[in-house]
Amino acid sequence: MKIAQILLPLPLPEAFDYEVRQGLDLAVGDFVKIPLAKAEKLGVVVSLRNDNEPPKPLKQIIERLDAAPLTKDSLAFIEWAAKYLVVPQGVVLHQVMRANDALFAGPFATKITIGSEKIDKITPVREAVLQIVAACDYAPLSKTELAQIVGASVAVVNGLVKLGALAEIKMPVDLPFTQPSFEQNSRDLNLAQTASLEVISKAIDAEKFAPFLLDGVTGSGKTEVYLEAIAHALAQNPTSQILVLLPEIALTQAVIARISQRFGAEPTLWHSEINANQKRRAWREIASGRARIVIGARSAIFLPFKNLRLLVVDEEHDASYKQDDGLRYQARDLAVVRAKFANATLVLASATPSLETRNNALSGRYGHLVLSSRFGVANLPNIELIDLKTYPPMPNHWISSLLVEEIATTLHAKEQVLLFLNRRGFAPVVLCSKCGHKMTSPETDSWLVEHRYSNRLVCHLTGYSIPKPLNCPSCHSYDSLVSVGPGVERVAAEAKQLFPKARVEIFSSDTSTGPQAIKQMVERMENGEIDIMVGTQIAAKGHNFPNLTLVGVIDGDLSLKGGDPRAGERTYQLLTQVAGRAGRAGKNGRAMIQTYYPENEAMQALLNDDRESFLGIETDMRAAAKMPPFGRLAALQLMAKTDAAVDVAAKIVGDALFPAHGIEVWGPAPPPMALIRGWRRRRFLIRADKNVDISAFMAKWRKAIKLAPSVRLIIDIEPYSFM
Ligand code: ADP
Ligand code: ZN
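Since we're looking at a predicted model, the values are computed, not measured. (Residues numbered from 1 in each chain as written. Chains lettered and ligands numbered in written order. Predicted model: local features only at pLDDT ≥ 70, side-chain atom pairs only at ≥ 80, totals over all residues. Heavy atoms only, no water.)

## Here we look at the overall build of the protein
And step 1. Summing up its helical and strand segments, the protein has 19 helices and 32 strands in all.
And step 2. Relative to the globule expectation of 27 Å for 723 residues, the C-alpha radius of gyration of the protein, 29 Å, shows essentially globular dimensions.
And step 3. Overall, the protein is about 90 × 70 × 65 Å in size when its C-alpha atoms are taken along their principal axes.
And step 4. Counting over 723 residues, the protein shows a buried share of 52%.
And step 5. Excluding contacts between residues fewer than 6 apart, the proportion of contacts in the protein whose partners are at least 24 apart in sequence is 75%.
And step 6. Of the accessible surface of the protein, which amounts to about 32300 Å², a share of 53% is contributed by carbon and sulfur atoms.
And step 7. The averaged location of the 76 negative side-chain charges in the protein is 5 Å from the averaged location of its 83 positive side-chain charges. (Helix = DSSP H or I, 4+ residues; strand = E, 2+ residues; numbered from the N terminus. Rg over C-alpha atoms; globule rule 2.2 N^0.38 Å. Buried < 20%, exposed > 50% of the residue type's maximum accessible area, 1.4 Å probe, protein only. Contact = heavy atoms within 4.5 Å. Areas by Shrake-Rupley, 256 points an atom, 1.4 Å probe, with all protein chains shown as cover. Lys, Arg positive; Asp, Glu negative; His and termini not counted. Charge placed at Lys NZ, Arg CZ, Asp CG, Glu CD.)

## Here's the deal with the site of ligand 1
And step 1. Around ligand 1 lies a shell of 16 residues, among which Arg-187, Asp-188, Lys-222, Thr-223 and Arg-258 are the nearest.
And step 2. For ligand 1, a nitrogen atom lies 2.9 Å from a polar atom in the side chain of Gln-193.
And step 3. Contacts to ligand 1 include Glu-224, whose backbone N or O atom sits 3.2 Å from an oxygen atom.
And step 4. Contact with the protein chains removes 81% of the 560 Å² of surface that ligand 1 exposes when unbound.
And step 5. With three residues, helix α7 (residues 222-236) is the largest single contributor of residues to the shell around ligand 1.
And step 6. Residue composition of the shell around ligand 1, grouped by class: three nonpolar, seven polar and six charged. (Near = heavy atom within 4 Å. Polar contact = N/O pair within 3.5 Å; in protein donor to acceptor, adjacent residues only side chain to side chain. Nonpolar A, V, L, I, M, F, W, Y, C, P; charged D, E, K, R; others polar.)

## A look at the coordination of the zinc ion (ligand 2)
And step 1. Distances from the zinc ion (ligand 2) to its protein donors, namely Cys-432 (SG), Cys-435 (SG), Cys-472 (SG) and Cys-475 (SG), fall within the range 2.3 to 2.4 Å.
And step 2. Around the zinc ion (ligand 2) sit four donor atoms; with metal-centred angles ranging over 107 to 111 degrees, the donor geometry is tetrahedral.
And step 3. Between consecutive donors of the zinc ion (ligand 2), the numbers of intervening residues give the motif C-x2-C-x36-C-x2-C.
And step 4. The class for Cys-472 is buried, based on a relative accessible area of 1%. (Donors = N, O, S within 2.8 Å, 3.2 Å for Na, K, Ca; no water. Tetrahedral: all angles 85-135°; square planar, octahedral: opposite > 155°, others 65-115°.)

## Things to note about the nonpolar core
And step 1. Core analysis: the largest hydrophobic core is formed by 83 residues, its most contacted members being Ile-301, Leu-636, Leu-638 and Met-698.
And step 2. Non-local contacts of Leu-638, meaning those with residues more than four positions away in its chain, are made with Val-646, Ala-649, Ala-650, Val-653, Arg-680, Arg-681, Arg-682, Phe-684, Leu-707, Val-711, Arg-712 and Leu-713.
And step 3. In this structure, Val-551, Leu-574, Leu-575 and Leu-606 belong to the second largest nonpolar core, which totals 34 residues. (Core = buried A, V, L, I, M, F, W, Y, C linked by side-chain atoms within 4.5 Å.)

## Describing the sheet that holds strand β17 (residues 382-387)
And step 1. Read from one edge to the other, the open sheet built from six strands follows the order β17-β27-β26-β18-β25-β24, with strand pairing classed as parallel. On the outer flanks of this sheet lie β17 and β24 (504-507), each paired with one strand and no other. On average, adjacent strands in this sheet sit at an angle of 20 degrees to one another, irrespective of strand direction.
And step 2. Against the sheet, helix α13 (residues 488-498) touches β18 (416-420), β24 and β25 (532-535), its axis set at about 170 degrees to β24.
And step 3. Against the sheet, helix α14 (residues 515-526) engages β18, β24, β25 and β26 (548-553), with an angle of about 145 degrees to β24. (Pairing = 2+ DSSP bridges. Axes fitted to C-alpha atoms, helices over the stretch in contact; angles between N-to-C directions.)

## Some remarks on the packing of aromatic side chains
And step 1. One pass over the full model with this rule turns up eight aromatic pairs.
And step 2. For the ring pair Phe-77 and Phe-302, a centre distance of 6.1 Å and an interplane angle of 45 degrees mean the geometry is tilted. Placement of the pair is Phe-77 in helix α1 (residues 72-85) and Phe-302 in the loop between β11 (293-296) and β12 (308-314), with a sequence separation of 225 residues. For the pair Phe-77 and Phe-302, one class covers both residues: buried.
And step 3. Over the face of the ring belonging to Tyr-720 we find Arg-566, whose NZ or CZ atom lies 3.8 Å from the ring centre. (Phe/Tyr/Trp six-rings, centres within 6.5 Å; stacked < 30°, edge-to-face > 60°. Lys NZ or Arg CZ within 6 Å of the ring centre and 35° of its normal.)

## Some remarks on the packing of α7 against helix α8 (residues 249-263)
And step 1. At a minimum axis separation of 11 Å, α7 and α8 run at an interaxial angle of 45 degrees. With respect to α8, the axis of α7 lies oblique. In this structure, the crossing between α7 and α8 has a hand that is right-handed. Contact residues: Thr-223, Glu-224, Tyr-226, Leu-227, Glu-228, Ile-230, Ala-231 and Leu-234 in α7; Val-255, Arg-258, Ile-259, Arg-262 and Phe-263 in α8.
And step 2. Looking at the contact of α7 with α8, its residues break down into eight nonpolar, one polar and four charged. (Parallel < 35°, antiparallel > 145°, perpendicular 65-115°, else oblique. Left-handed = near helix turned anticlockwise from the far one by under 90°.)

## Points about the sheet that holds strand β20 (residues 449-451)
And step 1. Spatial ordering of the open sheet is given by β20-β21-β22, a layout of three strands whose pairing is antiparallel. The sheet is open, and its two edges are formed by β20 and β22 (465-467), each paired on a single side. Direction aside, the axes of adjacent strands within the sheet are offset by 25 degrees on average.
And step 2. Bridge count for β20 against strand β21 (residues 456-458) is three bridges, and the pairing is antiparallel. The partner of His-451 across the bridge, within β21, is Arg-456.

## Brief notes about the pairing of β24
And step 1. Where β24 lies against β25, four bridges are found, and the strand directions are parallel. Following the sheet pairing, Phe-507 is matched in β25 by Gly-535.

## Some points on unusual backbone geometry
And step 1. Pro-629 follows Pro-628 through a cis peptide bond whose omega is 5 degrees.
And step 2. Note that Pro-629 resides in the loop between α17 (611-624) and β28 (631-640).
And step 3. For the peptide bond that leads from Gly-667 to Pro-668, omega is 5 degrees, which places it in the cis range.
And step 4. Despite not being glycine, Val-86 shows a phi value in the positive range, around 60 degrees.
And step 5. By the secondary structure assignment, Val-86 is in the loop between α1 and α2 (89-96).
And step 6. You can call Val-86 buried: its relative accessible area is 17%.
And step 7. Backbone geometry at His-476 places phi at a positive 65 degrees, although glycine is not the residue there.
And step 8. Structurally, His-476 is set in the loop between β22 and β23 (481-484).
And step 9. The exposure class assigned to His-476 is exposed, which follows from its relative accessible area of 56%.

## What to know about α14
And step 1. With twelve residues, α14 should reach 16 Å at 1.5 Å per residue; the first-to-last C-alpha distance of 16 Å fits that figure.
And step 2. Looking at α14, one finds that the buried residues are Pro-515, Ile-518, Met-521, Val-522 and Met-525. End-on view of α14: buried residues confined to an arc of 130 degrees, all on one side of the axis.
And step 3. Elements that come into contact with the buried residues of α14 comprise α8, β18, β24, β25 and β26.
And step 4. Positive phi shows up at Gly-528, right after α14, with a value of about 75 degrees. (Expected span 1.5 Å × (residues − 1). Arc of directions from axis to C-beta.)

Put into C-alpha cells, the structure is as follows:
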C-alpha cells in the first residue's frame, strides 16, 4: 500500500499518514485534499512510502489539487524555519498557503469569439458586434462588455451565438503577468557599480548559494546595480525567478516604477494591500514559475517559488523585516536560509547595514561590495547638529530658531524642505491641567495620542479611539485637557504659522492610507506642489525628491529611548536615511538634527560622517555583552487575564528553564507594556552563546512546560521588540 505523509497548514505537532488509492499519481510537494475528522482539509505531501501493514487503518486522500507542487527546496525551507522559530511545521506551511483558492484552477469567465458559421441576414447592429469581436480576438470580451460597447442588448449577442456566428469560450480570469524584457533600457554603470555587478553576475552563473552585502551610501546607485543583476538573472536562465524584498509599501511605488521602466513590464506584487484576487493570481503564477520578477514585503519570503535564482533584500537593516505578531520571524534572516536551500544568489543592500550583516561581511562569510560615493555629481548632504540645550525652541514650539532660519533660506531659494518626526498625530500625551489625569488606552499601558484632523484620541498600540472629551473624565473640569509634546500634525501647524505662504503637507500613514495615496503624495512632492513636507518614517525611506535640499529632524533622540540593545544603531540608520533624502539631484543638501544629546556616539558619527568608527564602538559593546551578533537571543512571553494567573505561569516557566552551559536566563519581568487589551504580560529573555542552538533549547523547554489553557506563551527568536 502506498502511504503519503500529509502536512496541514495548522498548528499540529506532526504530519498525518493517508492512503494513496490506486491510480492516484502523487509526488512529494503535491497539494492534496484529505478528510480530517468530519471536514475536508488541504495539505501538502511531504513524503511517500510503501507499507503493506500500516499500524492502523488509514483514510484515503480525496484528490490531488490542480496547483504547481512545492519544490524540494521550499519543503526543506519550511522544515528548517519551523525548527528555527520553534513552531510546528504546519504554522510555517500556513504562511506559504496564504492564498488558499490559488490551489484550484480557475476561476473562469465566459468570453465571446468568432464562431464557425457565416450568416446571410446581417443587420448593422450584428455587423458591428461581429467586427468588434474580430478586433478583440487577442483579449476577448464578455457578453455584457460587448453589448455595452456596441450599445445593443445582450439578446443580440445571444442571437449570434445561437446562429453559430459567435462562440462562447471559457477563459481563466487570472492572466499571466507580462514577461519582462531584459535587453533594452540598461544604463551605463560607473566603475564601482560595474565591479559589483560583475561579482554578482558570476555568482548567478555559478548557481550556488552566494551571499553579498551591497554597501553603498544613499544615492550611490545600489538599486541600479541590482536592476542589472536582475537583468543578468533573467538572461542567464529562461526559468529563473527573482524576489526583491522591500521593507515598506511606500517604497514599492518607486521601485515598481523603476522596474517597469527597466524591463518594460510591471513586476508581480505581494504585500498586505493587494486583494484576494491579486493574491491568488500572484501565488499561482509564482508557483508555476511564470512570474519572473516578484516584489514583496516580508511575507513574500514564504512564496512558493519554482526556481528562485536571485534574492534581493533592499534596506536589509530595516526593523520592519521583523514580524512581531502571530508567527514572529525576521525576513532578512530567513532570506539567507531560503537562498541557501535554493542555491541562489543573495544581495543584501543598505547604506547603513545592520551590525549582524556588516559582521558577516567583515568576517568574509558574505561578499562585501562597496559603492562609496553618490552617483554622478550628487554629494552627500552636510549634516549639522542643533543642541537644544543651547538653542531651545520657544515654549510649546518644536522648531529651533536655527532651523527656522535655514527653512527660510531654503524656501527663498525655491527649494523644498522635509521636516521629519517619527510620531503620528498631534500630540503623544494628553493630560488634565487641573488634576493631572493622563488619558490612556483602556486595559493597556499606552497613552492615547491626540489626532487633530480627526479630533480623536487614538491608541497606536490597539487601535482604540474616542472623540476628544470636553471634560476631564476624572475631575470633570471643562476644557482642562492639554496636549503635551509634538506629533507631525503639531509641527505642521507650527510650520504654517511661521511660513504662512508656504504649502505645508503632512505625509504619514494617517494622511496617506494605501499605496495610491502614497504615490500621489510622492508625485506632488516631486512636482514641486509642496514646499514643506512634514513626515514620519514613511517620508524617510527610498524617495528621490530632486528639489529637496533641507531635511530638519525635529527630535533626533526619539529612537534612542527604550531599553533596546539596537537603539543606537537604529537611530543612526534612521537619521542617515532621512538625511539622505536631501540633495539627490546635484544640489547641495543639508540636514539639521535637533538633539539634547549632541555628544551621543550616534550623533557624532552622523556629524562627522564616520560610520565605521561608530559601528566599531557599537560592535565592541555588543561583543563585550555577548549580544547579537556575538550571541543569540530569544524572548519568551506569557500573557494571562490576571496578575495571579500570569505570575503562576511565570513561576512554572522559570522552574522549567533549567540552566545550561553557555546560556543565561533573565526574568520573569513585566515588560514596559505590561498590560495590553486586558492581557497581563511577563517576559523572559534568554541569551545563548553563538555556538549554542538556542532554538533547540527553547523547543526542549517548551515541551516540559505545562500551562493552564487560558495562558498564552509566545517564543520570539532574535526579538527586536523589547516593549
Ligand atoms: P541607491 O539605491 O543607492 O539609493 P539609486 O540606484 O536610487 O541609489 O541611484 C541614485 C540616483 O542616481 C537615481 O536617480 C539613479 O537613477 C541614478 N543613477 C544611479 N546609477 C546610475 C547610472 N549608472 N546611470 C544613470 N543614473 C544612475
Ligand atoms: Zn482632571
